[in-house]
Amino acid sequence: MCCLGCKAVAEFIDNSGLNAFYRFRTTPGEDVDLTPEETGWAHYDDVDLLDRYVSRNGPQAEVSVDIGGMYCSACVWLLQKALQQVPAIETVDINPAVRRAVIRWAHSELPFSGLLGAIARIGFKPAPVSIGSSSDLQIAEHRQALKRLIVAAAAGMQVMMFAVALYAGDYFGIDAGMQHFLRLISLLVTVPIVLYSARPFFASAWRGLRARTPGMDLPVSIAIIAAFMASAYATLTRQGEVYFDSVAMFVFFLSATRFLEMRARHRSGDHATALAQLLPDTAIRLQQGEPVKVALDRLRVDDLVSIVPGDVIPVDGEVLSGSLETDESLLSGESRPVLRKPGDPVFAGAVTRAGNATVRVTRVGASTSLAEIGRMLERARADRPPIALLADRIATRFVVAVLTVAALTGVAWYLLDPSRSFEIVLATLVVTCPCALALATPAALAAAASRLAKNGFLLVRSRILAVLGQPCTIVFDKTGTLTAGRPVVLDTRVLAGRLDATSALRIAAALETASEHVLARAFAAHYDAAEGMPEDIEVIPGFGVEATLAGERYRIGSAAFVAEPSGTSVAGLAPESTQTEVFLGNTTAVLAAFSIADELRHDATTAISQLRDRGYRLVIASGDRSPSVASVAGQLGIEHWHAELTPPAKLDILAQLRQAGLPVIMVGDGINDAPVLAAADSSIALDSGTALARASADAVSLGRDLGGILRAADVATKTQRIIRQNIAWAIFYNATAIPLAVSGLLQPWMAAVGMSLSSLLVVFNALRL
């Protein structure tokens, strides 16, 4: 073993039963210091660092980590398999392109230092990153690619000038000494193109050979090396043709195509990076009523922060006093200023246009909405939809076919005309490179993700584009999805006990502080700190909340749920009404009932009408009472609706809708929607919803309206069309170009131009998104 790290990794692989690793990695990797750090991670359990890097939601936590020492698909496989054996770790999403992992785990069972130590013991070097910050690897990749492109362009222009003189000499005549001189100069200028600009192609081809999965860079590398070596031999021996111009054009155009594709891929993460750069380094914290400037990392939940005009809001919070007009355009795509009054939430990254307010901090660091956006984008970039995986498999098989065709062509032309054999094989290798096919899907998906992010619609998993871009069934939750999510208590009825309406409202408001459901917001204005905070809280999705307040056990939620402990009959408790009824009770009786109403979202009627006109089948599946759901369905013109559904019942409805033969998209926002969001063919969560709903969804719409879904439907349709166009073009191009190359009608430089222009066409077509 070269170091303790390699020894530790080998022992870990053997002891864990992961010896299949060696099927993927058959040769040693490069020598690096991967000595596992058994200690040295404890400082990451410090509160400041936890707030900066880790998003905590109860016992669950999520973090983004740069993985040092990850070099190939075998490394990805090893990290995923090894971490999946740690009981506390729930999910591991790895993006090998930027060597970053998004990990979700049970923080109560495994501390942050323990997670980092587990990664280090496998042999990698973990480096936690704050969401939205640009990865050093990504910056380095951009700079390196740009330098290689500049070298290929500058040297390529010189080679082309010499080539013009050589072609003219072939036509008009040229002195042999001058011809040799121009060839020597072309050789010297082409060397940096081959050794520096083309190096990524060689490295990628070698990785593919080692993994026994030849990629599109294999025929590219063979063509570049063969053309350069043959040209160098012809130059030095003064016999034969030279192809320095073909090599230069091939490398330059291909590098330009890869650079544009890389920029489209990076741009899908630029949205979160731009937001993070907006955050200030300091904030004004109120300490005993006095303003004190503190570093952003020093803010804690429940701290009070002063916000004045021009400030960028540094954390997620709730307005306690005063009011603000905030510009949230970069967060949600909403161009109009948003008025935030006492009790309203404010979000990190929003810019204060007018007003002064005191804000209570609710989430800091990696727990803010801004950080959550960053993690969603990381997961989206790591996601590979089925069409992308299919394109990869086709490209791999196509490479094998190309090499076979080139070999057979070489043998045939060697028998027919040996002098043209090499030239025709070279043209065949170049013209049939499957770059256009391999870039067809990733370029379109990256451009679509960037476009949607700017419009306030964040992709978490790319499958939403495939489902939304075809006829499908869209299932909407009602409360907080089709309605505005700003419910108010219209009426309070005392049913039993000695409580008056005001006391019942205060108890209900205290209990609802434990709930993230949209209806809980109706009670926020009635909260009185004198009631205290609930204890022994139990949230039952789809039913309500049970908790202890001032020593007494209460329930708040549906009639059946609240009446269960006391055995009270639910008959007559809930009158027929279009309003939602929420009940409060203890172990002896149902104490009070609250009538809650919520208005439709301002654009719900227009959005639903346009979705229906585009051929989508629309359904409402709600846990609310039938009269309320029927009223909303009637106002929106939705024929198919289901009410009073529990989470299992929603799953049953989902299964029934699938039997109709169309894929199903679920749109929701509450905890009770999370199972259906995860089980649907694809899903969309609204940003106003709960954290669990957002974590279960394939996409998150950040705006205050349903227009984001319409815009996403437009982009999804265009994306599917562009992917089909790109794949059709790639197939047509190869079907046309291969016969021309095999028959000897294409010169190598023509093949280089044709292949490169084909790849550029695919990328530019995708960038139209």
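Further up the page is the structure itself.
Here's what I pulled together on the structure shown here.

Moving on: the overall build of the chain. Each helix and strand in the chain was counted, giving 26 helices and 27 strands. For the chain, the residues scored as buried account for 51% of the 769 residues in total. Of the contacts made within the chain by residues no fewer than 6 positions apart, 69% connect residues no fewer than 24 positions apart.

Once that is clear, we can look at the packing of aromatic side chains. What the rule picks out here adds up to twelve aromatic pairs. For the ring pair tyrosine 44 and tyrosine 53, a centre distance of 6.2 Å and an interplane angle of 55 degrees mean the geometry is tilted. With relative accessibility at 13%, the residue tyrosine 53 sits in the buried group. Note on tyrosine 44 and phenylalanine 112: the rings are 5.8 Å apart at their centroids and 80 degrees apart in plane angle, and the pair reads as edge-to-face.

We now examine empty space enclosed by the protein. Within the structure shown, the criterion is met by five cavities of 30 Å³ or more. The volume enclosed by the second largest cavity comes to roughly 50 Å³. Those elements that place two or more of their residues in the lining of the second largest cavity are helix 9 (217-237), helix 10 (244-278), helix 14 (418-431) and helix 26 (748-767). Of the residues contributing to the lining of the second largest cavity, the split by class is nine nonpolar, one polar and no charged.

What follows deals with the packing of helix 14 against helix 26. Interhelical geometry of helix 14 versus helix 26 gives an angle of 5 degrees and a closest axis separation of 8 Å. Taken together, the axes of helix 14 and helix 26 are roughly parallel relative to one another. Contacts from Glu423, Leu426, Ala427, Val430 and Val431 in helix 14 reach Pro748, Ala751, Ala752 and Met755 in helix 26. Residues belonging to the contact of helix 14 with helix 26 are distributed by class as follows: eight nonpolar, no polar and one charged.

Our focus in this paragraph is helix 20 (residues 604-613). If you check which residues of helix 20 are buried, you get Ala604, Ala607, Ile608 and Leu611. Seen end-on, helix 20 carries its buried residues on one side only, within an arc spanning 95 degrees. Against strand 16 (473-476), helix 17 (478-482), strand 23 (617-621), helix 21 (626-636) and helix 25 (707-742) lie the buried residues of helix 20. The first or second residue beyond helix 20 is glycine 615, which carries a positive phi of 100 degrees.

Next up on the list: the pairing of strand 23. Burial of strand 23 is extensive: four of the five residues sit out of reach of the surface. Where strand 16 lies against strand 23, four bridges are found, and the strand directions are parallel. Within the sheet, the bridge partner assigned to phenylalanine 476 lies in strand 23 and is isoleucine 620. Read as a crossover between parallel neighbours, the route from strand 23 over helix 21 to strand 24 (residues 640-642) is right-handed.

The subject of this paragraph is the nonpolar core. Ile474, Phe476, Leu482 and Ile665 are the most contacted members of the largest nonpolar core, which totals 47 residues. Val194, Val247, Val402 and Ala741 belong to the second-largest nonpolar core, a separate cluster that totals 42 residues.

Turning to the sheet that holds strand 21 (residues 580-586), a few remarks are in order. Strand order in the open sheet made by the six strands is 17-22-21-20-19-18, with antiparallel pairing throughout. The outermost strands of the open sheet, each flanked by one partner alone, are strand 17 (488-494) and strand 18 (535-540). Mean inter-strand twist for the sheet, computed between neighbouring axes without regard to direction, equals 15 degrees. Here four bridges tie strand 20 (residues 552-557) to strand 21, and the two strands are oriented antiparallel to one another. Each bridged residue has a counterpart across the sheet, and for isoleucine 556 the counterpart in strand 21 is leucine 584.

This paragraph deals with the pairing of strand 8 (residues 304-307). Burial along strand 8 is one-sided: Val305 and Ile307 are buried, and none of Leu304 and Ser306, which face the opposite way, are. Where strand 8 meets strand 14 (residues 357-363), four bridges bridge the pair, whose relative direction is antiparallel. If you follow valine 305 over to strand 14, its bridge partner there is valine 359.

Before going further, it helps to examine a nonpolar patch on the surface. A cluster of nonpolar residues, Tyr167, Trp749 and Met750, forms a patch on the protein surface that exposes about 280 Å² of accessible area. Topologically, tyrosine 167 is positioned in helix 6 (residues 136-172).

So, on to the packing of helix 25 against helix 26. Working note: a packed helix pair is described by the angle between its axes plus the distance between those axes. Following both chains from N to C, one finds helix 25 and helix 26 inclined at 170 degrees, their axes separated by 9 Å at the closest point. Relative to helix 26, helix 25 is oriented roughly antiparallel. The residues of helix 26 that touch helix 25, namely those facing Ile722, Gln725, Asn726, Trp729 and Tyr733, are Ala751, Gly754, Met755, Ser758, Leu761, Val762, Asn765 and Ala766. A per-class count over the contact of helix 25 with helix 26 returns eight nonpolar, five polar and no charged.

If you trace the seven strands from one edge of the open sheet to the other, you get 15-27-26-25-16-23-24, paired in mixed fashion. Either end of the sheet is taken by a strand with one partner, and the two such strands are strand 15 (457-459) and strand 24. Ignoring strand direction, the axes of neighbouring strands in this sheet form an average angle of 20 degrees. Running over the sheet, helix 21 touches strand 23 and strand 24 and is turned about 155 degrees from strand 24.

Let's shift gears to the environment of alanine 604. By the element assignment, alanine 604 lies in helix 20. With 121 residues separating them along the chain, alanine 604 and threonine 483 place their C-alpha atoms 7.8 Å apart. Sequence-distant contacts of alanine 604, that is, excluding residues within four places in its chain, are made with Leu482, Leu636 and Leu706.

Our focus in this paragraph is the side chain of arginine 555. Looking at the element boundaries, arginine 555 is found in strand 20. Judged by its relative accessible area of 13%, arginine 555 falls in the buried class. From its side chain, arginine 555 meets the backbone oxygen of phenylalanine 561 in a polar contact 2.7 Å long. Separated by 3.2 Å, the side chains of arginine 555 and glutamate 564 make a polar contact. Not counting residues up to four positions away in its chain, the partners in contact with arginine 555 are Val545, Glu546, Phe561, Val562, Glu564, Pro565, Phe583, Leu584 and Gly585.

Right, let's get into the pattern of salt bridges. Across all of its chains, the model carries 15 salt bridges by this definition. One salt bridge connects arginine 363 with aspartate 316, and the closest N-O pair in it is separated by 3.0 Å. With arginine 363 in strand 14 and aspartate 316 in strand 9 (residues 316-322), this residue pair connects regions lying 47 residues apart in the sequence. For aspartate 316, a relative accessible area of 1% puts it in the buried group.

Glancing now at helix 8 (residues 199-210). With twelve residues, helix 8 extends 17 Å between its outermost C-alpha atoms, agreeing within 8% with the 16 Å of an ideal straight helix rising 1.5 Å per residue. Along helix 8, the residues that are buried comprise Phe201, Ala205 and Gly208. Buried residues in helix 8, looked at end-on, bunch into an arc of 60 degrees, giving them a common side. Exposed residues on helix 8 whose side chains face more than 90 degrees from its buried face are Arg199 and Trp206.

What counts, and at which threshold
- Residues numbered from 1 in each chain as written.
- Predicted model: local features only at pLDDT ≥ 70, side-chain atom pairs only at ≥ 80, totals over all residues.
- Heavy atoms only, no water.
- Helix = DSSP H or I, 4+ residues; strand = E, 2+ residues; numbered from the N terminus.
- Buried < 20%, exposed > 50% of the residue type's maximum accessible area, 1.4 Å probe, protein only.
- Contact = heavy atoms within 4.5 Å.
- Phe/Tyr/Trp six-rings, centres within 6.5 Å; stacked < 30°, edge-to-face > 60°.
- 1 Å grid on protein atoms, 1.4 Å probe; cavity = no way out; pocket = protein on both sides within 12 Å on 5 of 7 lines; lining within 4 Å.
- Points joined across faces, edges and corners; volume = space filled by probe spheres on them.
- Nonpolar A, V, L, I, M, F, W, Y, C, P; charged D, E, K, R; others polar.
- Axes fitted to C-alpha atoms, helices over the stretch in contact; angles between N-to-C directions.
- Parallel < 35°, antiparallel > 145°, perpendicular 65-115°, else oblique.
- Arc of directions from axis to C-beta.
- Pairing = 2+ DSSP bridges.
- Right-handed = clockwise from strand over helix to strand, strands pointing away.
- Core = buried A, V, L, I, M, F, W, Y, C linked by side-chain atoms within 4.5 Å.
- Patch = residues over 30% accessible without salt bridge, like charges linked within 9 Å, V, L, I, M, F, W, Y side chains within 5 Å.
- Areas by Shrake-Rupley, 256 points an atom, 1.4 Å probe, with all protein chains shown as cover.
- Salt bridge = Lys/Arg side-chain N within 4 Å of Asp/Glu carboxyl O.
- Polar contact = N/O pair within 3.5 Å; in protein donor to acceptor, adjacent residues only side chain to side chain.
- Expected span 1.5 Å × (residues − 1).

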